[in-house]
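Reading the structure
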Amino acid sequence: MSGVSIRGLRVIGPEREMVAALDAEIAPGHTLAVIGESGSGKTLTAKALVGLLPRGFRAEGAASVAGRELPLATTGSAWRAVRGGTVALLLQDPFTSLSPVHRCGDQIAWTVEAATGARLSRAARLETAVARLAEVKLPPEVARAYPHQLSGGMRQRVAIAAALAADPELLIADEPTTALDASNQAEILDLLRALQQRRQLSVVLISHDLGLVRGRTDDVLVMRHGEVVERGRTADVLAAPQHPYTRALIAADPVLAAGAAPVVRDVPTGPALVEVSSLVKQFGARTVLDDVALRIGEGEIVGVVGESGSGKSTLARCIAGLEQEDAGTITFAGSALAPGRASRTPAQMQIVFQDPYSSLNPMMSIGAILREALAVAKRPASDVAELLETVGLPAEFAAKRPAELSGGQRQRVAIARALAPRPRLLICDESVSALDVSVQAAILELIGRLRDELGLSVLFISHDLAVVRMLADSVAVLWEGRVVETGPCAQVLHDPAHDYTRMLVAAAARENTSTRED
C-alpha cells in the first residue's frame, strides 16, 4: 500500500483529549494542509505522526506510511527506525532544527547515519552532504559552513536537505516559511514542490498562511479546538467554505484579501516626528545601510518592507538607539539624536519585537511586568488596569503569567508595556509575523486604533506586503541597504515604479495564486 493512511488519530494530554479522532489519506506526490489557529491541535497532530509529542502527551489510533505502520502509541527506540527514513520533520525556524556549533554538511550526514545505522567515513560524509546540497541548489562549500554564516533562505534549504537526506516517504512541514520574506518563501516552496514531485513524496503542511495553502496543497483539514471542522479539496474549501470558522479565517487573512482594490488613505501631512537622512551603518566590511532617508510624520504609520538582509531591522534599531549608525543624522521632533540609546528617552519611542514568547519574562506576572514599565515612566502602579484596557485585555490578566496567555495576548501585553511611558513613536519590528491570521488581524486593528486614539506615530517593519498594505499610510522599500522607492502605500504596492518593488509584489501575488491543477 502506497501513500499515507491516518485512522482515528487522537492526542491525549495530561488532563484531557487535545485532538479528537481524525482520519486522512495522502497519496504519493500529494500535499495535505492542516490549518487553524494556535491551540487548534495542528502541531500536536504533526508531532504525533513523528513521535515527538511533549512529555505527558500520548497518541492513539493508527497510521501507516508506504504500508509501514507507525508506532503511534510508543516512544523512544521504536521511533528511531522510522524517524528520518520513513517520516521526517521540517520546522519553521532552521535555527531550531540545525545545531549552531556543527557544520551543515555533518548535520546532513547525521540523518543518513541515524536512518541506516551505519557510520560514514569522512569522505563519504562529505560526498553525501554535497550531493544533498546540490539537490536543494546550494554549492558544495555550504557543507563546511556553520548555520549562522548563511542567510535565512539558505539555512532553510540546508534544513530541507537534512530532512530529506534519508529518503523519507512522508515529510511533515510545520510552518516552513513563516520566518521568510515573500521572495524567499516562493523559492523554498517551489523547491519543496519540485523535490516532492521528483520523489513522489507525501507531505503534511502545517500553516496559518491561507494564501500559501491555497496555492500549494491538494486537500485541507481545518482544525479548531482539537477537532476537524471542515475538510475537502483545498480549492473547494477556500473558495466556498461551509463552516463559520473557516469563513472567519479567510476573512481575517490579509493575503487572501490582497487581491481586492487597494485601500487609499490620506497620508498625514503634518510636521515630521522622525527624519532620517544619509544614514550609514556597517558591520565590519559589510555596509548594511547605505545613504538611507526616511520620514515619519506625526500620527503617520510608515511601513518598511524588503527581503531578509535588506537592512529593515537595522534601520529600526538605529532609530531606537539599539545600534549606533556610522554616519548620517536622525532627528526627533526637530532635534538631532546622537547615536545610541543614551540620547533617547522612554517617552520618545518604544519598540515591540517579533516574538511574543521570548519578549516577556516568564517568571513575572503580567501585572509585575507592567508595573516595572510604569515605574520607569514614573507612573503609578495603579495604571496597570488602564494599560490592559488600552490593548483590549481585562484587568484580571494582571494576575496571570505569560505561559497562561496565547501568542496574541502576549503581544498585546508587549504593546501595553511599550505604551507605559506614553511614547510618541511605536516601532513594530515584525510584530505580527509569528501570529495566526485572525490574531494578526486583531493586532493590526489594535495598532491602527492606538494611532487614532493616542496620536501615535508608528514605524512598522515587515516582510509581509499584505500586512503592510492593510495598515500603513506610506511605505519605504529597502533593497541591499538602500531605499529604492517610497510613497503612499496604495500607490507603491499597487503600481510599483522600481524593478525590485515589482519583484516583491509579484512574489507576494504568486503566493496568493493557485499553482496547482484542480
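A quick note: this is a predicted structure, and the numbers were derived from the prediction, not measured.

1. Observations concerning empty space enclosed by the protein
For the structure shown, the criterion picks out four cavities of 30 Å³ or more. Counted as a void, the largest cavity has a volume near 130 Å³. By residue number, the principal contributor to the lining of the largest cavity is helix α7 (residues 182-199), which donates four residues. Among the residues forming the lining of the largest cavity, the class breakdown is six nonpolar, two polar and two charged.

2. Some details on the packing of aromatic side chains
According to the stated counting rule, one finds one aromatic pair in the structure shown. Positioned above the aromatic ring of F397 is the side chain of K400, whose terminal nitrogen or guanidinium carbon lies 5.4 Å from the ring centre.

3. Observations concerning the UniProt feature "domain: ABC transporter" (unreviewed entry) in the chain
Feature annotation in UniProt places "domain: ABC transporter" (unreviewed entry) on residues 4-250 and 274-505, given in this structure's numbering. Helix makes up 34% of residues 274-505 and strand makes up 27%, while its end C-alpha atoms are separated by 27 Å.

4. Notes on the packing of helix α4 (residues 104-116) against helix α6 (residues 152-164)
Axis separation between α4 and α6 bottoms out at 7 Å; the angle between their running directions is 25°. Taken together, the axis directions place α4 and α6 in an arrangement best described as roughly parallel. On α6, the residues that touch C104, Q107, I108 and T111 of α4 are V158, A161 and A162. Among the residues forming the contact of α4 with α6, the class breakdown is five nonpolar, two polar and no charged.

5. Describing the side chain of E230
Inspection of the secondary structure assignment puts E230 in strand β10 (residues 227-233). At 6.5 Å, R247 is the nearest oppositely charged side chain to E230, a buried residue that forms no salt bridge. Other than its neighbours up to four places away in sequence, E230 contacts V220, L221, V222, V237, A240, P241, Q242, H243 and T246.

6. Here's the deal with helix α10 (residues 244-252)
Among all positions of α10, only Y245, T246, L249, I250 and A252 are buried. Along α10, the residues classed as buried sweep out an arc of 165° about the axis, all on the same side. Of the surrounding elements, those touching the buried residues of α10 are β3 (31-35), α8 (210-216), β9 (219-224), β10, α9 (234-239) and α15 (437-454).

7. A short note on the sheet that holds strand β2 (residues 17-26)
Taken together, four strands build an open sheet; the order of strands is β2-β1-β4-β5 and the sheet is antiparallel. Pairing within the sheet leaves two strands with one partner each, and these edge strands are β2 and β5 (68-69). Summarising the sheet, strand β1 (residues 4-12) and strand β4 (residues 58-65) pair through seven bridges and their orientation is antiparallel. If you follow S5 over to β4, its bridge partner there is S64. Across the sheet, helix α1 (residues 42-49) lies against β1, β2 and β4, angled at about 115° from β1, the strand it touches most.

8. Here we look at helix α11 (residues 312-320)
Buried residues dominate α11, accounting for seven of its nine residues. Of all the positions in α11, only K312, T314, L315, A316, C318, I319 and A320 are classed as buried. At the exit of α11 stands G321, carrying a positive phi of roughly 85°.

9. Notes on the packing of helix α12 (residues 366-376) against helix α14 (residues 407-419)
Contact pair α12 / α14: the axes reach a minimum separation of 8 Å and the direction vectors enclose 25°. Between α12 and α14, the interaxial angle falls into the category roughly parallel. Considering how the two elements wind past one another, α12 and α14 form a crossing that is right-handed. Here I366, I369, L370 and A373 of α12 lie close against α14, whose contacting residues are V413, A416 and R417. Looking at the contact of α12 with α14 residue by residue, the class counts come to six nonpolar, no polar and one charged.

10. Overview of the pairing of β9
Pairing analysis gives four bridges linking β3 to β9, with the strands arranged parallel. Looking at β9, one finds that V34 is bridged to L221. By the bridge criterion, six bridges tie β9 to β10 in an arrangement that is antiparallel. The partner of V220 across the bridge, within β10, is G232. From the end of β9 to the start of β10, which pair antiparallel, there are two residues, and H225 there has a positive phi angle of about 50°.

So, how was this worked out
The numbering scheme is per chain: residues are counted from 1 as the chain's sequence reads. Local features are withheld for residues below a pLDDT of 70 in this predicted model, meaning they are given only at 70 or higher, and side-chain atom pairs are given and counted only at 80 or more; totals for whole chains, interfaces and linings count all residues. For the side-chain quantities, the full set of heavy atoms in the structure was used; hydrogens and water were omitted. Using a 1 Å grid laid over the protein atoms alone, points where a 1.4 Å probe fits but cannot get out form a cavity; open sets with protein on both sides within 12 Å along at least 5 of 7 lines form a pocket; any residue with an atom within 4 Å of a point counts as lining. Grid points are joined across faces, edges and corners, and a volume is the space filled by probe spheres set on the points. Per the convention used, a helix needs a DSSP run of H or I reaching at least four residues, while a strand needs a run of E reaching at least two, with both numbered from the N terminus. Basically, the charged four are Asp, Glu, Lys and Arg, the nonpolar ten are Ala, Val, Leu, Ile, Met, Phe, Trp, Tyr, Cys and Pro, and anything else, Gly included, counts as polar. Working definition: a ring pair exists when centres of Phe, Tyr or Trp rings (six-membered ring for Trp) sit within 6.5 Å. Plane angles under 30 degrees give stacked, over 60 give edge-to-face, the rest tilted. By definition, being over a ring means that NZ of Lys or CZ of Arg is both within 6 Å of the ring centre and within 35 degrees of the ring normal. UniProt positions are given in the numbering used here, feature names are shortened, and annotations may be inferred rather than shown by experiment. Axes here mean lines fitted to C-alpha atoms, for a helix over just the part in contact, with angles spanning 0 to 180 degrees between N-to-C directions. Oblique is the label for any angle not under 35 degrees, not over 145, and not in the 65 to 115 range, which are roughly parallel, roughly antiparallel and roughly perpendicular in turn. By definition, residues are in contact when any of their heavy atoms lie within 4.5 Å. Each residue's exposure class comes from its accessible area (1.4 Å probe, protein chains only) as a fraction of the maximum for that residue type: buried when under 20%, exposed when over 50%, partly exposed otherwise. Positive charge is attributed to Lys and Arg, negative charge to Asp and Glu, and no charge count is given to His or to the chain ends. Between Lys or Arg on one side and Asp or Glu on the other, a salt bridge is scored when a side-chain nitrogen of the former is within 4 Å of a carboxyl oxygen of the latter. This arc is built from the directions going out from the helix axis to the C-beta atoms. One bridge is not enough; two strands pair if DSSP finds at least two bridges between them. Helix crossings get a hand from a simple test, with the near helix turned counterclockwise from the far one by less than a right angle marking a left-handed crossing and a clockwise turn marking a right-handed one.

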